[in-house]
Amino acid sequence: MTEHAPPQAGRRPEPAEIREVLAHVPLVAAYFQRARGDMPPEFYEAFREHGLTARHGAVLSHLFVEESLSVTELSRRMGVSLSTASELVGDLSRAGWVERREDPANRRRTLVSMPDRQRPVMEEFIARRSAPLLRVLESLSPRDRAGFVAGLTAWAHEVRDWQSAGP
């Protein structure tokens with residue numbers, strides 16, 4: 001790890017800092033590409049049998065955290081068009097991994113949720129995939145952990161905003 005001056009908010013990163021951070025991006029990308037290897041057998045088979053992809057997995061990740069979401073909200077969170085989100089939800093519905101129902105507060109909206117019977121499989125998958133991150137968090141001091149979480153949150157928001165800005 002390279003020694004750097006203490007961080008200062010609003011300061012432009014030094015070229016060495018940028019290189020150091022960017023060197024980790026391919027490692028993180030490879031980690032996300034290996035997700036199928038961490039899938040419980042039932043989950044893997046559903047993906048294989050129904051031709052589901054990483055985007056379908058992203059829908060399930062959102063629905064694991066939230067009780068239910070509208071298709072519009074899924075579209076926004078994932079940075080995809082409404083028609084793409086609807087197509088992903090349709091595929092997952094046919095595979096038995098999501099349920100759609102009318103929003104009682106607004107009958108024009110469709111709410112999507114993960115069936116209770118699928119939650120344990122998804123929970124196992126999320127636990128496997130989050131283990132490295134949780135080990136890192138446990139190894140950090142409270143101050144470093146707060147900084148790491150703040151940085152990760154800022155990055156996630158920047159990526160979300162960048163995706164929604166589009167070309």
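Here we summarise the structure given alongside this text.

Reading guide: rules and limits
- Residues numbered from 1 in each chain as written.
- Predicted model: local features only at pLDDT ≥ 70, side-chain atom pairs only at ≥ 80, totals over all residues.
- Heavy atoms only, no water.
- Helix = DSSP H or I, 4+ residues; strand = E, 2+ residues; numbered from the N terminus.
- Buried < 20%, exposed > 50% of the residue type's maximum accessible area, 1.4 Å probe, protein only.
- Contact = heavy atoms within 4.5 Å.
- Lys, Arg positive; Asp, Glu negative; His and termini not counted.
- Charge placed at Lys NZ, Arg CZ, Asp CG, Glu CD.
- Salt bridge = Lys/Arg side-chain N within 4 Å of Asp/Glu carboxyl O.
- Pairing = 2+ DSSP bridges.
- Axes fitted to C-alpha atoms, helices over the stretch in contact; angles between N-to-C directions.
- Parallel < 35°, antiparallel > 145°, perpendicular 65-115°, else oblique.
- Nonpolar A, V, L, I, M, F, W, Y, C, P; charged D, E, K, R; others polar.
- Patch = residues over 30% accessible without salt bridge, like charges linked within 9 Å, V, L, I, M, F, W, Y side chains within 5 Å.
- Areas by Shrake-Rupley, 256 points an atom, 1.4 Å probe, with all protein chains shown as cover.

Okay, the overall build of the protein chain next. Summing up its helical and strand segments, the protein chain has eight helices and three strands in all. Going from N to C terminus, the protein chain has its helices and strands arranged as α-α-α-α-β-α-α-β-β-α-α. Buried residues in the protein chain amount to 26% of all 167 residues. A fraction of 49% describes how many contacts in the protein chain between residues 6 or more apart in sequence connect residues 24 or more apart. The positive charge centre, built from 23 side chains, and the negative charge centre, built from 23, are 3 Å apart in the protein chain.

When you line up the elements, S113 lands in strand β3 (residues 106-113). When near neighbours in sequence (up to four residues on either side) are disregarded, S113 contacts L63, E67, S68, W97, V98, E99 and R101.

What follows is about the pattern of salt bridges. All told, the structure shown has eleven salt bridges when counted by the stated rule. Put simply, R76 and E73 hold a salt bridge, and the shortest N to O gap is 2.7 Å. Here E73 and R76 lie together in helix α5 (residues 71-78), a separation of three residues that amounts to about one turn. Judged by its relative accessible area of 44%, R76 falls in the partly exposed class. With its nearest N and O atoms 3.8 Å apart, the salt bridge here joins R117 to E99. Within this pair, whereas R117 is found in the loop between β3 and α7 (119-139), its partner E99 is found in strand β2 (residues 99-103), the two being separated by 18 residues in sequence. Among the residues examined, R117 registers a relative accessible area of 53% and is labelled exposed. Three or more residues joined by partner-sharing salt bridges are found here, namely E66, E73, R76 and R77.

Taken in spatial order, the three strands line up as β1-β3-β2 in an open sheet, and their pairing is antiparallel. The strands lining the two open edges of the sheet, one partner per strand, are β1 (68-70) and β2. Here the average twist between neighbouring strands, direction ignored, is 35°. Summarising the sheet, β2 and β3 pair through five bridges and their orientation is antiparallel. Bridging from a neighbouring strand, E102 pairs with T110 of β3.

Here we take up the packing of helix α4 (residues 54-65) against helix α6 (residues 82-94). Packed helix pairs are characterised by how far apart their axes lie and by the angle those axes make with each other. With their axes 10 Å apart at the nearest point, α4 and α6 run at an angle of 85° to one another. As summarised for this structure, α4 and α6 are arranged roughly perpendicular, according to the angle between their axes. On the side of α4, the interface is formed by R55, H56, V59 and L60, while α6 contributes T84, L88, D91 and L92. Here the contact of α4 with α6 is built from residues that sort into four nonpolar, two polar and two charged.

A word on a nonpolar patch on the surface. A surface patch of nonpolar side chains, about 690 Å² in accessible area, is lined by V28, F32, L133, V136, F148, V149, L152 and W155. Among the secondary structure elements, those contributing two or more residues to the nonpolar patch are α2 (25-33), α7 and α8 (142-165). Position of F148 relative to the elements: it lies in helix α8.

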